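Structural characterization, general
Here's the letter readout for the chains.
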Amino acid sequence: MPWAAAGLALYVATLAVTGLVNVPLNDALAAAGEPAALADPAAVRAAFESRWVTWNVVRTLTAAGALVCFAWAGLAGT
């Protein structure tokens, strides 16, 4: 049961990072306008990329951790 609880906590953390950080960043990027119409697309990317990549790594690690915990819970339960 502890492994399943840890997996659930990590999965909820993944959803929280997605909803609270990555989605708003994606929305801000979309609000910048069409890429072809941007005066300085490199500046838009520079303002967005570092923070998005950092939080995407966090999201990847929490999702992978959740998978490992759920797998371990499943193996331990058999």
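Coordinates for the structure precede this section.
Residues numbered from 1 in each chain as written. Predicted model: local features only at pLDDT ≥ 70, side-chain atom pairs only at ≥ 80, totals over all residues. Heavy atoms only, no water.

1. Remarks on the overall build of the protein
Helices and strands together make up the secondary structure of the protein, namely two helices and zero strands. Its C-alpha radius of gyration of 17 Å places the protein more than 25% over the 12 Å reference for a compact globule of 78 residues. For the protein, the C-alpha atoms occupy an extent of roughly 60 × 15 × 15 Å along the three principal directions. Considering the protein as a whole, with its 78 residues, one finds that 15% of them fall into the buried category. Of all intrachain contacts in the protein linking residues separated by at least 6 positions in sequence, the fraction that spans at least 24 positions is 79%. (Helix = DSSP H or I, 4+ residues; strand = E, 2+ residues; numbered from the N terminus. Rg over C-alpha atoms; globule rule 2.2 N^0.38 Å. Buried < 20%, exposed > 50% of the residue type's maximum accessible area, 1.4 Å probe, protein only. Contact = heavy atoms within 4.5 Å.)

2. A look at the packing of aromatic side chains
Under the defined criterion, the tally for this structure stands at two aromatic pairs. Look at tryptophan 3 and tryptophan 72: their rings are 6.3 Å apart centre to centre, the planes differ by 65°, and that puts the pair in the edge-to-face class. Linking tryptophan 3 in helix H1 (residues 2-31) with tryptophan 72 in helix H2 (residues 41-76), this pair joins segments that are 69 residues apart in sequence. Judged by its relative accessible area of 43%, tryptophan 3 falls in the partly exposed class. According to the relative accessible area criterion, tryptophan 72 is partly exposed, its value standing at 48%. For the ring pair phenylalanine 48 and tryptophan 52, a centre distance of 6.2 Å and an interplane angle of 25° mean the geometry is stacked. Taken together, the residues span about one helical turn, with phenylalanine 48 and tryptophan 52 both in helix H2 at a distance of four residues. On the basis of relative accessibility, which here comes to 14%, the residue phenylalanine 48 falls in the buried class. (Phe/Tyr/Trp six-rings, centres within 6.5 Å; stacked < 30°, edge-to-face > 60°.)

3. Structural notes on the packing of H1 against H2
Contact geometry of H1 with H2 gives a least axis separation of 8 Å together with a crossing angle of 160°. The angle between H1 and H2 falls in the class roughly antiparallel. Judged by the twist between their axes, the crossing of H1 over H2 is left-handed. The residue inventory of the contact of H1 with H2, partitioned by class, reads 22 nonpolar, eight polar and two charged. (Axes fitted to C-alpha atoms, helices over the stretch in contact; angles between N-to-C directions. Parallel < 35°, antiparallel > 145°, perpendicular 65-115°, else oblique. Left-handed = near helix turned anticlockwise from the far one by under 90°. Nonpolar A, V, L, I, M, F, W, Y, C, P; charged D, E, K, R; others polar.)

4. Describing the side chain of threonine 62
Here threonine 62 is to be found in helix H2. On the basis of relative accessibility, which here comes to 13%, the residue threonine 62 falls in the buried class. Here the side chain of threonine 62 touches threonine 14 through a polar contact of 2.6 Å, side chain to side chain. Those residues in contact with threonine 62 that lie beyond four places of it in its chain are Leu10, Ala13 and Thr14. (Polar contact = N/O pair within 3.5 Å; in protein donor to acceptor, adjacent residues only side chain to side chain.)

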